[in-house]
Amino acid sequence: MPRPIQAVVHTEALAHNLRRARAAAPDAKVWAVVKANAYGHGIERAYPGLQGADGFALLDLAEAERVRSLGWRGPVLLLEGCFEARDLELCSRLNLWHVVHCDEQIDWLATHKTTWPHRVFLKLNSGMNRLGFTPAAFRAAWMRLSGLTQVDEISLMTHFSDADGDRGIEQQVAVFEAACEGLPGERSLANSAATLRFAPTRPEVRGDWVRPGILSYGSAPDFPARSIADWDLQPTLTLRSRLIGVQLLQPGDTVGYGSTFRADAPLRIGIVACGYADGYPRHCSTGTPVLVDGVRTRMVGRVSMDMITVDLTPLPHAGIGTEVTLWGHGPHGSVLPIDEIAQSAGTVGYELMCALAPRVPVAHDH
Ligand SMILES: *Cc1c(COP(=O)(O)O)cnc(C)c1O
């Protein structure tokens, strides 16, 4: 028998979450953001759940090829655009739309030979200060692009730095509106947090396209202020394993490397076949929630490479083979949001999804 750890991608949950994005921005089109191999889910595995989107947005040209290989004929957008001039050949061949965020990318387009002009998304740096033209340079970039025979339609986009937090989006929306005033073209501003928090009430945030990533994968972008239950989102990735050992601790006994946990009373603990080499974060410590047979309990001690240890106090009948849910959907309708594990590790759900280790076999639930 193989080691009992397994990940499961939930197709219906992906479709449900995508519908939540649509409901938040009913008059906008939806990019399903599938960068980073669909946030660790695997593009091919996520595709059946996300194919109701209006387009797929990603960064990597090889991933764009994979989306086309799945038979997707609709829009595909390269969120960082081309990395060098010859990437434009693939854009022409696969009909990829691409972001233009710097003058070099316009230079490459100007010398590109193509039969069909390209659809581009001109990116404004409205305050994030990562990619994009400054407000002062934006119009000149638009004018240059609009003069190229290689360019067909120009859309306008920007990206928020604080849509999930207290600072919010006001300032960036104002900068975007001022920079785009009078320019034609479709608009795209909102990531998951902006889609959930602001798009329902604000048409200028919805624009023509929203770009939800993390919400589609069942993580609340503004956790812990709001949870997936608050946003009616469902986990799309489950990490589960089984108990492979049980120990009965006496008062004073310690657990695991560094002896960071000490029992102060007799305590039954379970050993789970899951460790940091599976992508479970090593920064989690005693108290991190875990489901054993669908019942919530806590991890105790340190995360090892291949094992963690859990408190079996609420589960007197648990033993070798009992199912353990590290995050996602557990037995008997139980749910453990990935956001809670991420919080225990001082990180975000995004990182845990993307860090799922290659040695974990992944199944579909449909
Ligand atoms: C990753 C990304 C998104 C999606 O962000 P989420 O927070 O996962 O919704 C949207 N737009 C751009 C440009 C991105 O890089």
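Residues numbered from 1 in each chain as written. Predicted model: local features only at pLDDT ≥ 70, side-chain atom pairs only at ≥ 80, totals over all residues. Heavy atoms only, no water.

Looking up the protein chain in an unreviewed UniProt entry gives the name Alanine racemase, with the organism given as Caldimonas mangrovi. According to the UniProt record, the Sequence similarities (unreviewed entry) comment for the protein chain reads "Belongs to the alanine racemase family." Entered under Cofactor (unreviewed entry) in the UniProt record, the comment concerning the protein chain runs "pyridoxal 5'-phosphate". (UniProt positions renumbered as here; feature names shortened; annotations may be inferred.)

> Give a description of the site of the ligand that names residues and reports values.
Neighbouring the ligand are the residues Val33, Lys35, Tyr39, Leu79, His159, Asn191, Ser192, Arg211, Pro212, Gly213, Ile214 and Tyr350. A distance of 2.9 Å separates a nitrogen atom of the ligand from a polar atom in the side chain of Arg211. Its residues assigned to classes, the shell around the ligand comprises six nonpolar, four polar and two charged. (Near = heavy atom within 4 Å. Polar contact = N/O pair within 3.5 Å; in protein donor to acceptor, adjacent residues only side chain to side chain. Nonpolar A, V, L, I, M, F, W, Y, C, P; charged D, E, K, R; others polar.)

> Mind laying out the packing of helix α7 (residues 135-146) against helix α8 (residues 170-180), listing which residues take part and the relevant values?
α8 packs onto α7 with a crossing angle of 35° between their chain directions and a minimal axis gap of 9 Å. With respect to the hand of their crossing, α7 and α8 are arranged in right-handed fashion. Along the contact surface, α7 presents Pro135, Phe138 and Arg139, while α8 presents Val175, Ala178, Ala179 and Cys180. Considering only residue class, the contact of α7 with α8 consists of six nonpolar, no polar and one charged. (Axes fitted to C-alpha atoms, helices over the stretch in contact; angles between N-to-C directions. Helix = DSSP H or I, 4+ residues; strand = E, 2+ residues; numbered from the N terminus. Left-handed = near helix turned anticlockwise from the far one by under 90°. Contact = heavy atoms within 4.5 Å.)

> Go over the UniProt feature "active site" (unreviewed entry) in the protein chain with me, naming the residues and quoting the values.
Here the UniProt feature "active site" (unreviewed entry) sits at Lys35 and Tyr257. These residues run over 223 residues, and the two farthest C-alpha atoms among them are 36.0 Å apart, placing them at more than one spot. Secondary-structure assignment places Lys35 in helix α2 (residues 35-39). The exposure class assigned to Tyr257 is exposed, which follows from its relative accessible area of 60%. With near-sequence residues (within four places) excluded, Tyr257 lies in contact with Arg302 and Ser304. (Buried < 20%, exposed > 50% of the residue type's maximum accessible area, 1.4 Å probe, protein only.)

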